[in-house]
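A structural walkthrough
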2 protein chains.
Amino acid sequence: MNDHREPRYFEDYVPGLTVDCGSFTMNEADIIAFATEYDPQSFHVDPVAAKDGPYGGLIASGWHTTSMMMRLLVENYISPESSLGSPGVDDIRWLRPARPGDTLHVRAIVREARRSASRPDRGIITTVGELTNQDGDLVMRVTALNFALLRGPSA
Amino acid sequence: MNDHREPRYFEDYVPGLTVDCGSFTMNEADIIAFATEYDPQSFHVDPVAAKDGPYGGLIASGWHTTSMMMRLLVENYISPESSLGSPGVDDIRWLRPARPGDTLHVRAIVREARRSASRPDRGIITTVGELTNQDGDLVMRVTALNFALLRGPSA
């Protein structure tokens, strides 16, 4: 976690802003543990069965990669000083499987930021999140919505 | 898990089919454990700070509720005999917070099913997933895409 980061408020999420959120590496034990709890399909939990399955080997649950990405967004992009949570996300696409040993890099790009019509203390930010693997291939993308407080209502 | 269910293939996912997938109850310890790992924002991990936060108390990470919903979809809707994974989901909306003690009910409705143009052994199913709480309020919805094998290519 980056404990020394500057707080970000609504005004700081300028369209085009791109934030490098670092990377994480998937390992087989974590892939199996997550999927055993939340997505127990054989290609996520059983390395032997997965070899003969549709992906030719074990792959991470898309919800696992999404949750790992979220962790890095919370630590590097979303700001505790301003975050008011999220109403949802659009357009999650798991474009390539994430396999044990893959290192996945997270990037966040502000696409749109607009102030709330009804609540003058806040705005809604539209962010494109991208996950690329060690070969530079796009593994996942998502378009996320987040509510954030303004630094100052007159800003 | 329903070990006695009948396998479902592409042909069985007829638009309009509605499958009751059961329910789960969120508890505070699980909410905090999930969010500590994947979404460490104060309103998900710190009951004391959360009281003064935007939701007036601890709420589950949206990724936690989504992952819990997935578990029931895997056990009751998706079929291991036919499932080939998912290319993604659209339109996740967390409409109401999920709080400790809430019991959430999962329902899956087939919206569309079409055969693959390029791969005659499979099709793609569009499903609306809905989560309602003990008061009957809609807590979350998602539109999911899933690949599934046909029972028979000539079916």
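Residues numbered from 1 in each chain as written. Chains lettered and ligands numbered in written order. Predicted model: local features only at pLDDT ≥ 70, side-chain atom pairs only at ≥ 80, totals over all residues. Heavy atoms only, no water.

**Considerations on the nonpolar core**
Short version of the rule: The definition of a nonpolar core used throughout is a set of buried Ala, Val, Leu, Ile, Met, Phe, Trp, Tyr and Cys residues joined through side-chain atoms within 4.5 Å. When accessible area is computed with a 1.4 Å probe and restricted to protein chains, residues below 20% of their type maximum are described as buried, those above 50% as exposed, and intermediate ones as partly exposed. Numbering of helices and strands starts at the N terminus; helices are DSSP runs of H or I of at least 4 residues and strands are runs of E of at least 2. In what follows, a contact means two residues having at least one pair of non-hydrogen atoms within 4.5 Å.
With 77 residues, the main nonpolar core has W63, Y77 and I92 of chain A together with W63, Y77 and I92 of chain B as its most contacted residues. No other element matches helix α4 (residues 62-76) of chain A, which puts seven residues into this core. With near-sequence residues (within four places) excluded, Y77 of chain B lies in contact with R5, R8, Y13, V19, C21, L72, A108, V110, I125 and T127 of chain B.

**Some points on the relation of the copies chain A and chain B**
Going by this rule: The fit set for superposing copies consists of C-alpha atoms from residues with pLDDT of at least 70 in both; the fit itself is least squares.
Between chain A and chain B, which share one sequence, the superposing operator has a rotation angle of 180° and an axial displacement of 0.0 Å; the RMSD is 0.0 Å. Look at the turn and shift together and you get a two-fold axis relating the two. In terms of proximity to the rotation axis, the leading residue of chain A is D90 of chain A, whose C-alpha is 2.5 Å off the axis. A symmetric contact is evident, with 100% of the interface residues of chain A recurring at the interface of chain B.

**Section: the environment of R151 of chain A**
Residue and element names in this part refer to chain A. Where we set the bar: The definition of a polar contact used here is a pair of N or O atoms within 3.5 Å, where within protein one atom must be able to donate a hydrogen and the other to accept one, and adjacent residues in sequence count solely through side-chain atom pairs.
Within the secondary structure, R151 is located in the segment after β5 (138-149). For R151, a relative accessible area of 47% gives the class partly exposed. R151 sits 29 residues away from R122 along the chain, and the two C-alpha atoms are 8.9 Å apart. In contact with R151, not counting residues within four places along its chain, are P7, Y9, E11 and D12. Side-chain polar atoms of R151 contact the side chain of D12, separated by 2.7 Å.

**Brief notes about the pairing of strand β2 (residues 88-94) of chain A**
We count it as follows: Should DSSP find at least two bridges between two strands, the strands are regarded as paired.
Counted residue by residue, β2 of chain A has five buried out of seven residues, so it is predominantly covered. Sheet topology note: the β2 of chain A/β5 of chain A ladder contains five bridges and is antiparallel. Paired with V89 of chain A across the strands is A144 of chain A, a residue of β5 of chain A. Note that β2 of chain A and strand β2 (residues 88-94) of chain B share four bridges and pair antiparallel. Among the inter-strand pairings, I92 of chain A is bridged to a residue of β2 of chain B, identified as V89 of chain B.

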